[in-house]
Amino acid sequence: MGTIWDWGYAWEVLPILAEASLVTIKATVMGFGLALVVGLVLAIGRMAGPGWSRLAVGGVVEFIRSTPLLIQIFFLYYVMPEFGLAMDAMLTGVLALGLHYGAYCSEVYRAGLENVPKGQWEASIALNLSPWTTFKDVILPQAIPPVVPALGNYLVALFKETPLLSVIAVLELMQTAKILGSESFQYTEPITLVGLFFLVFSLVSAALIRQLEQHLNRRRTTRT
């Protein structure tokens, strides 16, 4: 009976998986950066403008949130080229992650923005501040700190969804582990190491998010 764990093979594949993890981290960072921007735009669109535009934005958000990310990845990669929009696998994956989690982030932003007292807008109007200046310098700095933990949770969730990109042949961490396993018929070591990579990244991300939250809270306390 063979051994369950081969340390020699584990050390052999570790550098390969470490390199593949850079692809996973790149997809996570780019996807979440896009999600933050898309989420803010959707939140503003759902709170401002005429009623029909709010309804349309709300419909888009609910549609994205109600359909699986996997289907959205397939749609962007296989269907959109039929309409003349062909993208490589990595760009498609980043776009899918960004749009999917942007819809979730929009609800977090909306909660933060709605939590800012309306008197802040009225005071800014009284001071003759432009709507853009009011939003950028008065409203947003008050809305963001309370929602950082929720946004951080979506960062970790997005990271854990990156293995789905393997379905369109993005050589991220999980796809690399499966290839290594199929070549050697040893799946225990690469799959276990992938799990450890995800665990470490999630713990580090959670710690950094707590540090950011504490920093923003200190700044807000200092200003007040």
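Residues numbered from 1 in each chain as written. Predicted model: local features only at pLDDT ≥ 70, side-chain atom pairs only at ≥ 80, totals over all residues. Heavy atoms only, no water.

(A) Focus on helix 3 (residues 69–79). Here helix 3 has its buried residues at Leu69, Gln72, Ile73 and Leu76. Along helix 3, the residues classed as buried sweep out an arc of 100 degrees about the axis, all on the same side. (Buried < 20%, exposed > 50% of the residue type's maximum accessible area, 1.4 Å probe, protein only. Helix = DSSP H or I, 4+ residues; strand = E, 2+ residues; numbered from the N terminus. Arc of directions from axis to C-beta.)

(B) Spatial organisation of the environment of Ala207. Relative to the helices and strands, Ala207 resides in helix 8 (residues 188–223). Separated by 200 residues in the primary sequence, Ala207 and Trp7 have C-alpha atoms spaced 30 Å apart.

(C) Examining the pattern of salt bridges more closely. Throughout the structure, instances matching the rule amount to 6 salt bridges. Residue Glu62 is joined to Arg46 by a salt bridge in which the shortest nitrogen-to-oxygen separation is 3.6 Å. One end of the pair, Glu62, is in helix 2 (residues 51–66); the other, Arg46, is in helix 1 (residues 7–47), and 16 residues separate them in sequence. The class of Glu62 is partly exposed, set by a relative accessible area of 32%. (Salt bridge = Lys/Arg side-chain N within 4 Å of Asp/Glu carboxyl O.)

(D) How the structure looks around the packing of aromatic side chains. Scanning the entire structure with this criterion turns up 8 aromatic pairs. For the pair Tyr101 and Tyr104, a centre-to-centre distance of 6.0 Å together with 40 degrees between the ring planes defines the contact as tilted. With Tyr101 and Tyr104 both in helix 4 (residues 89–114), this residue pair falls 3 residues apart, about one helical turn. Overall, Tyr104 belongs to the partly exposed group, its relative accessible area being 21%. An aromatic cluster is present here, built from Phe74, Tyr77 and Tyr78 joined pairwise through their rings. (Phe/Tyr/Trp six-rings, centres within 6.5 Å; stacked < 30°, edge-to-face > 60°.)

(E) Region of interest: the nonpolar core. With 33 residues, the main nonpolar core has Phe32 and Leu151 as its most contacted residues. Within the residue set of this core, elements represented by two or more residues are helix 1, helix 3, helix 4, helix 6 (131–161) and helix 8. Of the residues forming this core, the biggest block, 10 residues, is contributed by helix 4. Counting residues in hydrophobic clusters, the runner-up holds 13 residues, among them Leu17, Phe159, Ala177 and Phe198. (Core = buried A, V, L, I, M, F, W, Y, C linked by side-chain atoms within 4.5 Å.)

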